[in-house]
Amino acid sequence: MNAAHLHLIINHLPIVGFAIAAVLLILAFFHPAERGALRSAVLVLVLSAAGAAAAYVSGEPAEEVIERLPGTSEQAMEVHEERAGVATALAGLTALAGIAALLLAERRRTAPDAPAALALAGAPERRRTASSAPVAITLGGAILTSGAMAWTGAAGGEIRHPEARGGALAAEPARGQSAPASEATPAGGADRGERDEDDD
């Protein structure tokens, strides 16, 4: 297994992980009394952020392996690297937001119970609104990061898959790629020219 193979294995973790975390955060938002979904979501966020960091670190060695292979797009590699930096930063921030949301939720749960006189009908709703705000922020970060990871992965796929390229990348001649057939010398053209000269 080389660096490129390792990078291909790792980079799927943050793409899928943040999408799964978003689903768990939706459950945590609508069921604030249950901490299981929030704890699971934060665990997935942390693991996914670690996977994003590992994918980012392994990107440079992977580039050294494939940059000289035929069909590799240098422009796609540059785009992929730029997007990876943004997505990795979002991953770290979202994981930190999830940890903060969990700590706040656990703190409220372990806080001393309010006096019975304060347990009015509107009190549970106020507690729910206060505790759901950090979860909502984390949910937004998870959705944004999931999209950024997919956006980064799309550029990564274009590095070695010309059929996935569009726009300027589609027109870029990949490394080791021969000229288009329309620009190449027609087959047999030189032979016909030589025969015409012989006839003269």
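Above this text is the structure in question.
Every chain's residues receive numbers from 1 upward, in the order its sequence appears when written. Thresholds applied to this predicted model are a pLDDT of at least 70 for local features of residues and 80 or more for the giving and counting of side-chain atom pairs; totals over whole chains, interfaces and linings are not thresholded and use all residues. Excluded from the side-chain calculations are hydrogens and water; all other atoms, namely the structure's heavy atoms, are used.

**Re the layout of surface pockets**
Residues are called lining when one of their atoms sits within 4 Å of a cavity or pocket point, these points coming from a 1 Å grid over the protein atoms alone, where a cavity is a set in which a 1.4 Å probe fits but cannot get out and a pocket is an open set with protein on both sides within 12 Å along at least five of seven lines. Grid points are joined across faces, edges and corners, and a volume is the space filled by probe spheres set on the points. Empty space within the largest pocket amounts to approximately 670 Å³. Lining the largest pocket are 30 residues, and of these His-7, Asn-11, His-80, Gly-156 and Ile-159 lie nearest its centre. Only runs of H or I of at least four residues qualify as helices and only runs of E of at least two qualify as strands under DSSP, and these elements are numbered from the N terminus. Contributions of two or more residues to the lining of the largest pocket are made by α1 (3–10), α2 (12–30), α3 (36–66), α4 (74–110) and α5 (123–160). By residue number, the principal contributor to the lining of the largest pocket is α3, which donates 9 residues. Residues are sorted three ways: Asp, Glu, Lys and Arg are charged, Ala, Val, Leu, Ile, Met, Phe, Trp, Tyr, Cys and Pro are nonpolar, and all the rest, Gly among them, are polar. Taken together, the residues that form the lining of the largest pocket break down as 15 nonpolar, 11 polar and 4 charged.

**With respect to a negative patch on the surface**
Residues Glu-60, Glu-64, Glu-78, Glu-81 and Glu-82 make up a contiguous surface patch of negative charge. When residues of the negative patch are traced back to their parent elements, those giving at least two are α3 and α4. Per-element tally for the negative patch: the top contributor is α4, with 3 residues. Residues forming no salt bridge and having over 30% relative accessible area are the ones grouped into patches, like charges within 9 Å of each other and nonpolar side chains (Val, Leu, Ile, Met, Phe, Trp, Tyr) within 5 Å. Shrake-Rupley sampling with a 1.4 Å probe provides the accessible areas, and residues are treated as covered by the protein chains on show and by no other component. Each salt bridge in this description consists of a side-chain nitrogen of Lys or Arg and a carboxyl oxygen of Asp or Glu lying within 4 Å of one another. Think of it this way: Lys and Arg go in the positive column, Asp and Glu in the negative one, and His and the chain ends go nowhere. We put the charge of a Lys on NZ, of an Arg on CZ, of an Asp on CG and of a Glu on CD.

**As for a nonpolar patch on the surface**
A cluster of nonpolar side chains, contributed by Val-46, Leu-93, Leu-96, Ile-99 and Leu-103, occupies part of the molecular surface with about 470 Å² of accessible area. Mapped onto the elements of the fold, Val-46 is located in helix α3.

**Brief notes about α1**
Under the scheme applied here, a residue whose accessible area is under 20% of the maximum for its type counts as buried, over 50% as exposed, and between as partly exposed, the area being computed with a 1.4 Å probe on protein chains only. Burial in α1 covers these residues: Ala-4, His-7 and Ile-10. All buried residues of α1 project into a common sector of 130° when viewed along the axis, lining one side. This arc corresponds to the set of directions leading from the helix axis out to the C-beta atoms.

**A short note on empty space enclosed by the protein**
Here the structure, examined in full by the defined rule, presents 1 cavity of 30 Å³ or more. Here the largest cavity defines a volume of roughly 90 Å³. Looking at the largest cavity, it is lined by 11 residues, and the ones nearest its centre are Ala-28, Pro-32, Arg-35, Leu-38 and Val-135. When residues of the lining of the largest cavity are traced back to their parent elements, those giving at least two are α2 and α5. Among the elements that line the lining of the largest cavity, the one with the most residues is α5, at 3 residues. Its residues assigned to classes, the lining of the largest cavity comprises 6 nonpolar, 3 polar and 2 charged.

**What to know about the nonpolar core**
For this analysis, a nonpolar core means a set of buried residues of the types Ala, Val, Leu, Ile, Met, Phe, Trp, Tyr and Cys, connected via side-chain atoms within 4.5 Å. Judged by nonpolar contacts, the single largest core of 24 residues is most densely connected at Phe-18, Leu-25, Leu-38, Leu-45, Ala-91 and Met-149. Only α2, α3, α4 and α5 provide two or more residues apiece to this core. It is α3 that provides the largest number of residues to this core, a total of 8 residues. Among the nonpolar cores identified, the runner-up in size contains 6 residues, and Ala-62, Ile-66, Met-77 and Ile-159 belong to it.

**Examining the environment of Ala-91**
For Ala-91, the location among the structural elements is in helix α4. Judged by its relative accessible area of 0%, Ala-91 falls in the buried class. For the pair Ala-91 and Ala-142, spaced 51 residues apart in sequence, the C-alpha separation works out to 7.8 Å. With residues near it in sequence (within four places) discarded, Ala-91 still touches Phe-18, Ala-49, Ala-52, Thr-145 and Met-149. In what follows, a contact means two residues having at least one pair of non-hydrogen atoms within 4.5 Å.

**Looking at the packing of α1 against α3**
At their nearest, the axes of α1 and α3 sit 7 Å apart, and the two run at 150° to each other. Considering the angle they form, α1 stands roughly antiparallel to α3. Once α1 is placed against α3, the crossing between them reads as left-handed. On α3, the residues that touch Ala-3, Ala-4, His-7 and Ile-10 of α1 are Gly-51, Ala-54, Ala-55, Ser-58, Gly-59, Pro-61, Ala-62, Val-65 and Ile-66. Tallied by class, the residues present in the contact of α1 with α3 amount to 9 nonpolar, 4 polar and no charged. In this description, a line fitted to the C-alpha atoms serves as the axis of each element, helices being fitted only across the stretch in contact, and the angle between N-to-C directions of two axes falls anywhere from 0 to 180 degrees. Reported orientations rely on four angle classes, namely roughly parallel under 35 degrees, roughly antiparallel over 145, roughly perpendicular from 65 to 115, and oblique for the rest. Left-handed describes a crossing whose near helix is turned anticlockwise from the far helix through less than a right angle; right-handed describes the clockwise counterpart.

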